[in-house]
Amino acid sequence: MDKKKQIKDWPRHLIQAGWAALTNSHVSGFITGKIYTGKLKNVCVPGLNCYSCPGATGACPIGSLQAVIGSWNFKFAYYVIGFLIFVGALLGRLVCGFLCPFGLIQDLLHKIPFFKKIRTFRGDKLLRKLKYVIFLVFVILLPLFLTDVMGQGAPYFCKLICPAGTLEGGLPLVLLNKGMRSAIGWLYLWKNTILLVTVLLSILIYRPFCKYLCPLGAFYSVFNKVSVFRYRIDTEKCVHCGKCASACQMGVNPVETPNSSECIRCGRCRQACPKDAISCGFCNKKK
Amino acid sequence: MKKILDTRWPGLALAAAGILMMAYGIFRGEMSVVLTKAINICMECVGIG
């Protein structure tokens, strides 16, 4: 007899919250309005976590990548790209599902009730390619080639798009610093508009930023098919009931593509499967 | 090819390559660029610069 399973998201949210608290543990920064300046900031965190967040104790990998390739003396970021390859090759987009504070915020926003939630729409698939374009153009090409007289490029993704930076860094720092309040202009307004749209869309659509815009998710997605941690389907147990696909909020059909580049490895499909046909792990053998 | 991709070896090989790249990046001083950027308020990130 089929087991009827209830999907529980809260254990994952606990891990996400614990990780977000750990990587933003400079609590005094939220009172003084000053960011952490210790040596830990040499090290990148795996998720999208602005290093200008008053609580941040690590460096944002996307910000760091732009900083290194936009600097006058380095045009390739071995350290940051090596870190991203290392994390991606081990975990793939498990990072998006478990270790990204901005992912947690979107997860929680999507829990706000609304009379009509949008699962998919016309052009959804095509729009998901946009994150790769953003990675290539705003994270790599513009910081590399659109430089000032010193040969330094700005972090264009952070400057023009990143709503995580506005939420985690922009809002608290501007609220806590009088000097910064007097310096705000059109760019601050633009970035807050992007943040507001992201927040509102997150209520309607599950993780819109991760699906369509996030360059970090785009990078990790390339590794989903080859990462050490991965999902497997036991084809002998699977009865093609479709419960896994309807449980997936990223629009993936795990039976067809258990390691789809869109999968954030949240584990909802595993929980929904009445036959325990979906497994995941670092060294699970094909059954 | 599909058989190789089904094993965990490609992931482990890429992870090892990632470690080597990180080590080379640290060796040539990229970490100081990351640190300098991360310990100063990034005006672009917060929407002011």
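Residues numbered from 1 in each chain as written. Chains lettered and ligands numbered in written order. Predicted model: local features only at pLDDT ≥ 70, side-chain atom pairs only at ≥ 80, totals over all residues. Heavy atoms only, no water.

(A) The overall build of chain A, seen in detail. In terms of regular secondary structure, chain A is built from 16 helices and two strands. Taken against the 2.2 N^0.38 rule, which gives 19 Å for 287 residues, the C-alpha radius of gyration of chain A at 20 Å falls within 12% of a compact globule. On the principal axes, the C-alpha backbone points of chain A span a range of 65 × 40 × 40 Å. Split into buried and exposed, the 287 residues of chain A put 57% on the buried side. Taking the contacts inside chain A whose residues are at least 6 apart along the sequence as the reference set, 74% of them involve residues at least 24 apart. Here chain A contributes 37 positive and 11 negative side-chain charges, whose respective centroids are spaced 5 Å apart. (Helix = DSSP H or I, 4+ residues; strand = E, 2+ residues; numbered from the N terminus. Rg over C-alpha atoms; globule rule 2.2 N^0.38 Å. Buried < 20%, exposed > 50% of the residue type's maximum accessible area, 1.4 Å probe, protein only. Contact = heavy atoms within 4.5 Å. Lys, Arg positive; Asp, Glu negative; His and termini not counted. Charge placed at Lys NZ, Arg CZ, Asp CG, Glu CD.)

(B) Region of the structure containing the state of the cysteines. Per the stated rule, a full pass over the model turns up one disulfide over all chains. Each sulfur of the disulfide joining Cys42(B) and Cys45(B) lies 2.2 Å from the other. Here Cys42(B) and Cys45(B) share a disulfide; its torsion about the S-S bond, 75 degrees, makes the bridge right-handed. As far as burial versus exposure is concerned, Cys42(B) and Cys45(B) are alike and both buried. Take Cys96(A): it sits in no disulfide, and the sulfur closest to it among the cysteines is that of Cys210(A), at 6.2 Å. This cysteine, Cys248(A), is not joined by any disulfide, and Cys266(A) carries the nearest cysteine sulfur, 6.1 Å off. (Disulfide = S-S within 2.5 Å.)

(C) Just the environment of Met150(A), in detail. Inspection of the secondary structure puts Met150(A) in the loop between α8 (130-145) and α9 (156-160). Taking relative accessible area as the criterion, Met150(A) reaches 56% and is therefore assigned exposed.

(D) Fine view of the pattern of salt bridges. All names here are of chain A. Tallied over the entire structure, the rule returns 10 salt bridges over all chains. As a salt-bridge pair, Asp107 and Arg12 come within 3.1 Å of each other at their nearest N and O atoms. Linking Asp107 in helix α6 (residues 101-110) with Arg12 in helix α1 (residues 10-23), this pair joins segments that are 95 residues apart in sequence. You can call Asp107 buried: its relative accessible area is 2%. Among the residues examined, Arg12 registers a relative accessible area of 4% and is labelled buried. Bridged by salt links that share partners, the residues Arg93, Asp124, Arg128, Lys131 and Glu262 form one connected network. (Salt bridge = Lys/Arg side-chain N within 4 Å of Asp/Glu carboxyl O.)

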